[in-house]
Amino acid sequence: PCHAKNNVMFLKTHKTASSTILNIMFRFAERYNLTVALPANKLFHLGYPETFKASFVEEFQSIGQNYNIMCNHLRFNPSEVRKVMPANTFYFSILRNPIHLLESSYVYYKDYIPAFRISKDVNEYLASPTKYYHPADYKENIYGRNIMWFDFGYDNNAKDNKKYIQKVLREIEQNFHLILITDYFDESMILLKHTLCWDLDDVVYFKLNSRSQDTVQTLTPESKEQIKRWCSLDWELYLHFNKSFWRRIEETIGLKELEKEVNQLQARQKELMETCLLDQEAVGKDHINNKALLPFQSGAANILGYNLKEDLDNRTLRTCQKMVMPELQYMSHIYAVQHPRKKRKQLGF
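Just so you know, the residues in each chain are numbered from 1, in the order the chain's sequence is written. In view of the model being predicted, local features appear only for residues whose pLDDT reaches at least 70, and side-chain atom pairs are presented and counted only at 80 or more, with totals across whole chains, interfaces and linings using the full set of residues. With hydrogens and water set aside, each side-chain value is computed from the structure's full complement of heavy atoms.

Looking at an unreviewed UniProt entry, one finds the protein named G3ST2 sulfotransferase and attributed to Pedionomus torquatus. UniProt positions are given in the numbering used here, feature names are shortened, and annotations may be inferred rather than shown by experiment. Taken from UniProt, the Subcellular location (unreviewed entry) comment for the protein reads in full: "Golgi apparatus membrane". Looking at the protein in UniProt, the text filed under Sequence similarities (unreviewed entry) is "Belongs to the galactose-3-O-sulfotransferase family."

Here it is in structure tokens:
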């Protein structure tokens, strides 16, 4: 028999369905009364895009290595993370095909990133990225190139050098026990469940922080090829860990068992949606009735949320609320529970 792992560090990468995983982690922490390493003071992330330091965690000085869960955005820095997390911590992260990732980043960060703001659309940006993207402004433009490479703590403007790439891939394999793949999200949740010895209900989810289809920009075939070149570090990262992901599944679960368990996960998700949701699906920002459940809106994206059914009994209501709670609200809630004497985090939207 295996024992559920309670000390877990999730490196939350950008635009990779990581908000959905954050919700899974927060629910797990609440269910088993675990301590989360939360951003200090007024911060909503762990110092991002600065390289992570232990002092970015609320009450690190007094709590020390007694945190169980770490999952807010940070730029990975193994030596500092290890000051916060216990020695037996399980480390995992998630990667997404850079083609979908860059289009998603473009729409989401359109208003914030100089390189995106001054180009008309994603295809114009990709036709000549160096016209819009200047490495000197890399802090402002990080989402414009090799964002996953940056999140793992590396230089996203580094030269595409085979030896360098191999060295980084080896380091990531040493630092992380598991890398999941967004493009196979349900399969990833089953692999996570097996690896952590969790239950099906620990990994069941409603999709969070996704956007309406009408804000998706269609990439030309030329743009898709250009992303592989422009974000070649992310592309190599993705290809490498996509291979190891499927290898891991074949070695540990097997494809037949995987399919069976993915079906169970989807059936459980459907059952919870029928129990919890008024519309049986996510709705646009203008159709969310309870403004307390409105997700943060960004750029040209219309970030979807959920309406809960009326008249749910208290226990069901609590379960359903947690399933649909956007990440900033959920973090603010856990912060208030863990640090009752501190001033609550002001969401301000």
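Back to the write-up after that little detour.
Caption draft 1: Structural view of unusual backbone geometry. A cis amide bond links Tyr48 with the next residue in sequence, Pro49, at an omega value of 5°. Mapped onto the elements of the fold, Pro49 is located in the loop between helix 1 (18–31) and helix 2 (60–63). Although it is not a glycine, Asn41 adopts a positive phi angle of roughly 55°. Structurally, Asn41 is set in the loop between helix 1 and helix 2. At Glu59, a position not held by glycine, the phi torsion is positive, near 60°. Here a helix means four or more residues in a row that DSSP labels H or I, a strand means two or more in a row labelled E, and each is numbered from the N terminus. Here Glu59 is to be found in the loop between helix 1 and helix 2.

Caption draft 2: Seen up close, the UniProt feature "coiled-coil region" (unreviewed entry) in the protein. The feature "coiled-coil region" (unreviewed entry), as given by UniProt, occupies residues 248–275 in the numbering adopted here. For residues 248–275, the end-to-end C-alpha separation is 34 Å, with 93% helix and 0% strand making up the annotated structure.

Caption draft 3: The state of the cysteines, seen in detail. Counting rule for disulfides: a pair of cysteine sulfur atoms within 2.5 Å. A full pass over the atoms with the stated rule returns two disulfides. The disulfide partner of Cys2 is Cys197, and the S-S distance across this bridge is 1.8 Å. Between Cys2 and Cys197 the sulfur-sulfur dihedral comes to about -135°; the bridge is accordingly left-handed. Of this pair, Cys2 sits in the segment before strand 1 (8–11) while Cys197 sits in the loop between helix 11 (185–196) and helix 12 (200–203), and the two are 195 residues apart along the sequence. Residue burial is assigned from relative accessible area. The probe radius is 1.4 Å, only protein chains are included, and a residue is buried under 20% of its type maximum, exposed over 50%, and partly exposed in between. By relative accessible area, which is 54% here, Cys2 ends up exposed. Accessibility expressed as a relative area gives 15% for Cys197, which makes it buried. What connects to what in the protein, once the bonded cysteines are numbered by sequence position, is 1-2, 3-4. Cys71 takes part in no disulfide bond, and the closest cysteine sulfur, belonging to Cys197, lies 20 Å away.

Caption draft 4: Region of interest: empty space enclosed by the protein. Here a cavity means grid points, on a 1 Å grid over the protein atoms only, where a 1.4 Å probe fits yet cannot get out; a pocket means an open set of points with protein on both sides within 12 Å along at least five of seven lines; lining residues are those with an atom within 4 Å of a point. Grid points are joined across faces, edges and corners, and a volume is the space filled by probe spheres set on the points. The tally for this structure, following the rule as stated, stands at one cavity of 30 Å³ or more. By volume, the largest cavity is sized at about 30 Å³. Among the elements that line the lining of the largest cavity, the one with the most residues is helix 4 (residues 98–108), at three residues. The nonpolar class holds Ala, Val, Leu, Ile, Met, Phe, Trp, Tyr, Cys and Pro. Asp, Glu, Lys and Arg form the charged class, and all remaining residues, Gly among them, are polar. For the lining of the largest cavity, the residue count by class is six nonpolar, one polar and one charged.

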